[in-house]
Amino acid sequence: MTTPPPVLSSVTPSEDDDRPADDAADAPPAPVTARERVFAAADALLADDEPVTVSTVRDRAGCSNATATTHLRAWRTQRAEDAADAARLPDLPRSVELLVERGVAGLWGEAVRRARDEHAEETATLQERAASAREDADRLARAADTAAAERDEARADLAEARAETQRLRNLLDEAGLAREQAAAAARRAEGQAEELRAELARAHAETVALREDLTAAVDARAAAAEQRAEARAALSGVQETLAEARSALESVRGEHQRGEDERARLAAELTAARSASDRLEGEAARLRDELAAARSRADDAARDGAAQAAARARAEGELAGLRASATAAEGTGTPDTPEATA
């Protein structure tokens, strides 16, 4: 099949009709209908070893998708008919068949090697990205577990601090009760002392007895004073202990708040890691699509190489037939007669 001339960028006919376009006076003949432009674009793409698709033909021929689809289908039908015509030719010589087989095998082997190399490289890249994502997810999971453990420990410390605070409150209540009892005893001692003073004033005769009673009262008052002092000391200790408990409680609350902040930060990091994993999944899908497209292009290239090899073989067969015809014509030429020689 003769390759049509290349498509010129100066051709500007309507892209969806078959009306002729005006050619430049000094330009070589160029396709003037949409069908011719599509056929020329497909042949040029095939000659340049580029994929012949609706989009590539549309861009090369300058037509719409519908026009490119219609005429590209006719072009492929014609190529199939030409290939069928070529298949009906006489058998090729063995030497030509060997050349064709070696050429096709070389093209196919190169296409397969390239596809395998691209597949291996893309597979290795995807595996590395997946491994990195798994490592990040494991690290975040461990961090989340650590934060949860710290949170549980902080809660346990808080419960223990609350129990200690309750115990101190109970001790404070007991100390208050003891203080009230000591105050009541002091008041009773004071009453007894007043009674003794009145009795001393009224009965000087009973001085000895009153002195003994007074001594007992004084001792009782001293004991009451000692009890009041002990109660005050106990109250002071309880207050100091309560202050220490409050300080410990504030420290525990601070630790708990820091644990909550750390847990929120780890949750945000985990969300970011999941988003990164989703993006990696989308990138993997895109890479798989590109790999499928590369394999399709390799198959198209192999088929186009086989078609070109068949066309070359057909041309060489036709040339061999013409040479055989010329040789036969030379062998059956008319010999010179004597009259012609004279």
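For the structure, check the block above.
So, how was this worked out
Residues numbered from 1 in each chain as written. Predicted model: local features only at pLDDT ≥ 70, side-chain atom pairs only at ≥ 80, totals over all residues. Heavy atoms only, no water. Helix = DSSP H or I, 4+ residues; strand = E, 2+ residues; numbered from the N terminus. Buried < 20%, exposed > 50% of the residue type's maximum accessible area, 1.4 Å probe, protein only. Contact = heavy atoms within 4.5 Å. Areas by Shrake-Rupley, 256 points an atom, 1.4 Å probe, with all protein chains shown as cover. Axes fitted to C-alpha atoms, helices over the stretch in contact; angles between N-to-C directions. Parallel < 35°, antiparallel > 145°, perpendicular 65-115°, else oblique. Expected span 1.5 Å × (residues − 1). Patch = residues over 30% accessible without salt bridge, like charges linked within 9 Å, V, L, I, M, F, W, Y side chains within 5 Å. Salt bridge = Lys/Arg side-chain N within 4 Å of Asp/Glu carboxyl O.

(A) Fine view of the overall build of the protein. Helix and strand content of the protein: six helices and zero strands. Listing each helix as α and each strand as β along the protein from the N terminus yields α-α-α-α-α-α. Here the protein holds 342 residues, and 21% of them are scored as buried. Here the analysis covers contacts within the protein between residues at least 6 apart in sequence; of these, 64% occur between residues at least 24 apart. Entry remark: accessible area of the protein is about 23400 Å², with carbon and sulfur atoms responsible for 53%.

(B) Seen up close, the packing of helix 2 (residues 54-61) against helix 3 (residues 65-87). Their axes nearest at 9 Å, the elements helix 2 and helix 3 cross at an angle of 110°. When the axes of helix 2 and helix 3 are compared, the pair comes out roughly perpendicular. Counting all contacts with helix 2, which are made through Val 54, Val 57 and Arg 58, the residues of helix 3 involved are Asn 65, Ala 68, Thr 69 and Leu 72.

(C) Structural view of helix 1 (residues 34-47). End to end, helix 1 covers 20 Å across 14 residues, agreeing with the expected 20 Å (1.5 Å per residue, within 8%). In terms of residue burial, helix 1 counts as a mostly covered element, since eleven of its 14 residues are buried. By the burial criterion, the buried members of helix 1 are Ala 34, Arg 37, Val 38, Phe 39, Ala 40, Ala 41, Ala 42, Asp 43, Ala 44, Leu 45 and Leu 46. Looking one or two residues beyond helix 1, the residue adopting positive phi is Asp 49, at roughly 60°.

(D) Fine view of a nonpolar patch on the surface. Residues Leu 200, Leu 214 and Val 218 make up a contiguous nonpolar surface patch of about 190 Å² in total accessible area. For Leu 214, the position within the fold is in helix 5 (residues 207-331).

(E) Summary view of the pattern of salt bridges. Across all of its chains, the model carries 15 salt bridges by this definition. With its nearest N and O atoms 3.8 Å apart, the salt bridge here joins Arg 60 to Asp 48. In this pair, Arg 60 sits in helix 2 while Asp 48 sits in the loop between helix 1 and helix 2, placing the two residues twelve residues apart along the sequence. We classify Arg 60 as partly exposed; its relative accessible area is 30%. Taking the shortest distance from any N to any O, the salt bridge between Glu 255 and Arg 258 comes out at 2.1 Å. Of this pair, Glu 255 and Arg 258 both sit in helix 5, three residues apart, which is roughly one turn of that helix.

Shape is all these values report; function is a separate question.
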